[in-house]
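Okay, here's what each chain looks like letter by letter:
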Amino acid sequence: MSKTLFDKVWDSHVVRNINDGPDVFFIDRHFIHEVTSPVAFLGVKSRNNTVLYPERTFATADHNTPTINQHLPVEDPLSANQLKALEENAAEWGISHWGLGHRNNGIVHVVGPENGITLPGATIVCGDSHTSTHGAFGAIAFGIGTSEVEMVLTTQCIMQPKPKKMRINVNGKLGFGVTSKDVALYIIAKLTTSGATGYFVEYAGDVFENMTMEGRMTVCNLSIEMGARGGMIAPDEKTFEYIKGRTHTPKAAAWDTAMEYWKTLKTEEGAFFDKELTFNASDIEPMITYGTNPGMGMGITNNIPNASDVEGGDATYKKSLGYMEFSEGDSMIGKEVDFVFLGSCTNGRIEDFRAFASIVEGRKKADNITAWLVPGSHIVEDKIKEEGLLDIITEAGFTLREPGCSACLAMNDDKVPSGKLAVSTSNRNFEGRQGPGSRTLLASPLVAAATAVTGVVTDPRTLLK
Amino acid sequence: MAYDKFNILTSSAVPLSIENVDTDQIIPARFLKATERKGFGDNLFRDWRYNPDNSPKRDFVLNDPTYSGKILVGGKNFGSGSSREHAAWAVYDYGFRCVVSSFFADIFRNNCLNIGVLPVQVSTAFSEKIFSAIASDPNTELEINLPEQTITLKSTGESESFDINSYKKDNMLNGFDDIDYLVKMKSEIEDFATTRPF
């Protein structure tokens, strides 16, 4: 029987199949961070277990780290305590640890690929739902809970029923000013936040084939926002080119052997999908969200739909617009914004900073805007400097912060104050996500840049050369 | 034994008829800074439950003494978003042993099963019946029968069956968890690991 890309990778990692139960599923690579791992390590100890394969786990500090003055001690005692726990647990069990200040430190889903830990055909988990990012390389990657982090530490396996399979095709050529973020927000708006629950997604079609690896990561990253456990894209020359020569990728003969296998990682003709959807690239505009979940998005030139025209409960929809202080029929363009956040595991890569710089070059930050520009890693930060982007953004009145998850989930001091409106390149616009009472509009780095220089929600196509 | 055994639970229920309740609402990120699994129930639905000055919001269901019980009945797509297991811990620590919804997000459902909170998925029609039964009598009881895989509205006797795979069911009935299972097959896993190229 013909197999999908997902079948090939999944089936080759099943240690045991339990009748009317989950598969015992082997994990090649495991990322941990300071927030969802401490209780897992406590579990390892309290049950008198050990870490089975410490060389398969990689620790990085990112979720609650400050994005200024990282050379100084972390002020928040609770955050400092979690960072210390990560460092001590890693040291105790011989796990690689990239703490604050380490050259390789950054957001887990940015540093994994940068350092060649993420590989095609691998299984990758982390106690973080945006682990789906790594699917961009043809890996099966998804988020897990802390109990499962303990399982991986102890046995390198988790227990998962095989999800159903969905293929999402987007064909054609993307329009001017339309980015990978817009493609993802468009699909989520079409499917809603639960439209892919129970499925693992494969993205196919020329839009994804033509996308950079950074763009593919942005798309796969957002798979969880339509409810999918993960999403993946078949590896191709671009993938191999990206990973070749990185610290943890196979070298010499091992590379050749791996390449032989990786080239087989494609969905075969006639393979079965439980669901298949196809969209046209030309229908996609720069997107923006207007509500309190990522499915509440629309083309930036549209007006907020009426409750009667959207799926789901009327009361829930009105509660959401009430929180946002918006009304049905409102236009988003022209709404005054207070904060702009460029960063996160969704849009904290070099390509995102290039996009931002392309708009702010020769312009000035609007006075009413507080902007947080947070690179996803030190490696991204270095590239920003090397490519001269730092000069451009500095000249435009912006400053660059140090790497971390930052205002995406506001566990550190980068909190949007109550009632304030932020245009954010991150992944969630839930109530209070960026700080208690904060209001979030999700959008691409281009929309964020256009808004940052005008002070109001702006269609980037009006500023792009 | 990893957690309490679950067999038959008969209890009144707390209704939360909002759709797409995400785990950031169940427990906001700023309360994830503990390094131990303690006290998360205090911050369950923190920003819906308390004002910024920490006074309770009177109109939120957890602050309404009319409603109580060990069962939380949520709207469609309950537990979406972040994978934080803290959300399931908060539900458990507050005193709930079962969450009922017409649709669950994957990771939240998994996390619940791993810590001994039973997620019971019902049809939209049955979910509506439960909400209206609680609306007309807040003390109305639900019976969750895990061995029989049924959920019953005690007042009317209306009942529906729910799905759970036999492996997880056995775990819940006996208070076992996946780690107990995995540790027993460690040598099989070690053999498998030798076949992995990277």
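This structure is a prediction, so every number in the text was calculated from the model and none was measured. (Residues numbered from 1 in each chain as written. Chains lettered and ligands numbered in written order. Predicted model: local features only at pLDDT ≥ 70, side-chain atom pairs only at ≥ 80, totals over all residues.)

Here we come to the domain arrangement of chain A. Size of an interface, as often reported, equals the accessible area lost when the parts are brought together. Residues and elements named next belong to chain A. As far as domains go, chain A holds domain 1 (1–284) and domain 2 (287–462). Taking only C-alpha atoms, the centre of domain 1 and the centre of domain 2 are 24 Å apart. On the side of domain 2, 40 residues touch domain 1, which itself brings 38 residues to the contact. Breaking the side of domain 1 that touches domain 2 down by element, the ones donating at least two residues are α4 (108–114), α6 (180–191) and α8 (213–221). Take the side of domain 1 that touches domain 2: its biggest share by element is six residues, from α6. Residues that form the side of domain 1 that touches domain 2 fall into these classes: 12 nonpolar, 19 polar and seven charged. (Domains from an automatic or database assignment. Contact = placed C-beta atoms within 7 Å. Helix = DSSP H or I, 4+ residues; strand = E, 2+ residues; numbered from the N terminus. Nonpolar A, V, L, I, M, F, W, Y, C, P; charged D, E, K, R; others polar.)

Here we come to the sheet that holds strand β12 (residues 275–280) of chain A. All names here are of chain A. The sheet built from four strands is open, its strands ordered β11-β10-β9-β12 with parallel pairing. Across the chains shown, the open sheet's two edge strands, defined by having one partner strand only, are β11 (230–232) and β12. In this sheet, adjacent strand axes meet at a mean angle of 20° when their direction is disregarded. Bridging between strand β9 (residues 164–171) and strand β10 (residues 199–204) involves six bridges; their strand directions are parallel. The residue of β10 that forms the bridge with Arg167 is Glu202. (Pairing = 2+ DSSP bridges. Axes fitted to C-alpha atoms, helices over the stretch in contact; angles between N-to-C directions.)

Here the focus is the interface of chain B and chain A. The partner chain A presents 66 residues to the 49 residues of chain B that form the contact. Those elements that provide at least two residues to the side of chain B that touches chain A are α1 (23–26), α4 (106–115), α6 (166–174), α7 (178–184) and α8 (186–193) of chain B. Among the residues forming the side of chain B that touches chain A, the class breakdown is 19 nonpolar, 14 polar and 16 charged.

All names here are of chain B. On the basis of which strands lie adjacent, the open sheet formed by seven strands has the order β4-β3-β2-β1-β5-β6-β7 and mixed pairing. Strands at the two margins of the open sheet, each flanked by one partner only, are β4 (118–121) and β7 (159–161). On average, each strand axis in the sheet is inclined to that of its neighbour by 25°, with strand direction left out of account. As defined by bridge partners, strand β2 (residues 71–74) adjoins strand β3 (residues 98–101) across three bridges and the pair is classed as parallel. Following the sheet pairing, Leu72 is matched in β3 by Val99.

This part covers the packing of α6(A) against α8(A). Residues and elements named next belong to chain A. Where α6 contacts α8, the axes come no closer than 8 Å and their chain directions differ by 20°. Between α6 and α8, the angle falls in the class roughly parallel. Between α6 and α8 lies a crossing of right-handed hand. Contacts between α6 and α8 involve Ser180, Lys181, Val183 and Ala184 from the first element and Gly215, Thr218 and Val219 from the second. (Parallel < 35°, antiparallel > 145°, perpendicular 65-115°, else oblique. Left-handed = near helix turned anticlockwise from the far one by under 90°.)

Attention shifts here to the packing of helix α3 (residues 86–94) of chain B against α4(B). All names here are of chain B. Where α3 contacts α4, the two axes come as close as 9 Å, and the packing angle between them is 50°. Accordingly, the angle class assigned to the pair α3 and α4 is oblique. As for the relative orientation of α3 and α4, their crossing is right-handed in sense. Across the interface between the two elements, Ala87, Ala88, Trp89 and Tyr92 of α3 pack against Phe108, Asn111, Cys112 and Ile115 of α4. Broken down by class, the residue content of the contact of α3 with α4 amounts to seven nonpolar, one polar and no charged.

Before going further, it helps to spend a moment on the environment of A:Gly291. All names here are of chain A. Tracing the chain through its elements places Gly291 in the loop between β13 (287–289) and β14 (297–299). Residue Gly291 is classed as buried on the basis of its C-beta count, with 27 C-beta atoms lying within 10 Å. Each residue touching Gly291, except ones within four places of it in the same chain, is listed here: Met296, Ser320, Leu321 and Met324. (Buried ≥ 20, exposed ≤ 12 C-beta atoms within 10 Å, placed from the backbone.)

Next up on the list: the nonpolar core. For soluble globular proteins, nonpolar side chains are generally found buried alongside one another. In terms of nonpolar packing, the biggest core is built from 147 residues, with A:Cys157, A:Val340, A:Val360 and A:Ala449 touching the most fellow members. Counting residues per element, this core draws most heavily on α6(A), at eight residues. When residues are assigned to domains, this core turns out to be shared by domain 1 (1–284) and domain 2 (287–462) of chain A, each giving three or more. In this structure, A:Ala449 is in contact with A:Ala355, A:Phe356, A:Ile359, A:Val360 and A:Pro460, ignoring residues within four places of it in sequence. Counting residues in hydrophobic clusters, the runner-up holds 44 residues, among them B:Ala90, B:Phe103, B:Ile144 and B:Leu153. (Core = buried A, V, L, I, M, F, W, Y, C linked by C-beta atoms within 7 Å.)

Bringing the confidence of the model for chain B into the picture now. Here chain B averages 96 in pLDDT, and 99% of its residues register 70 or above. Scored as a complex, the prediction yields pTM 0.97 and ipTM 0.96. (pLDDT = per-residue confidence, 0-100.)

This brings us to unusual backbone geometry. Of note in this structure, A:Asn69 is not a glycine but carries a positive phi near 50°. Within the secondary structure, A:Asn69 sits in the loop between β4 (57–60) and α3 (77–93).

Residue and element names in this part refer to chain B. Burial along strand β5 (residues 141–145) is one-sided: the residues Leu142 and Ile144 are buried and none of Glu141, Glu143 and Asn145 is. As defined by bridge partners, strand β1 (residues 8–16) adjoins β5 across five bridges and the pair is classed as antiparallel. The residue of β5 that forms the bridge with Ser11 is Leu142. In this sheet, strand β6 (residues 150–153) lies alongside β5 in antiparallel orientation, the contact comprising four bridges. Across the sheet, the residue bridging to Ile144 is Ile151, located in β6.

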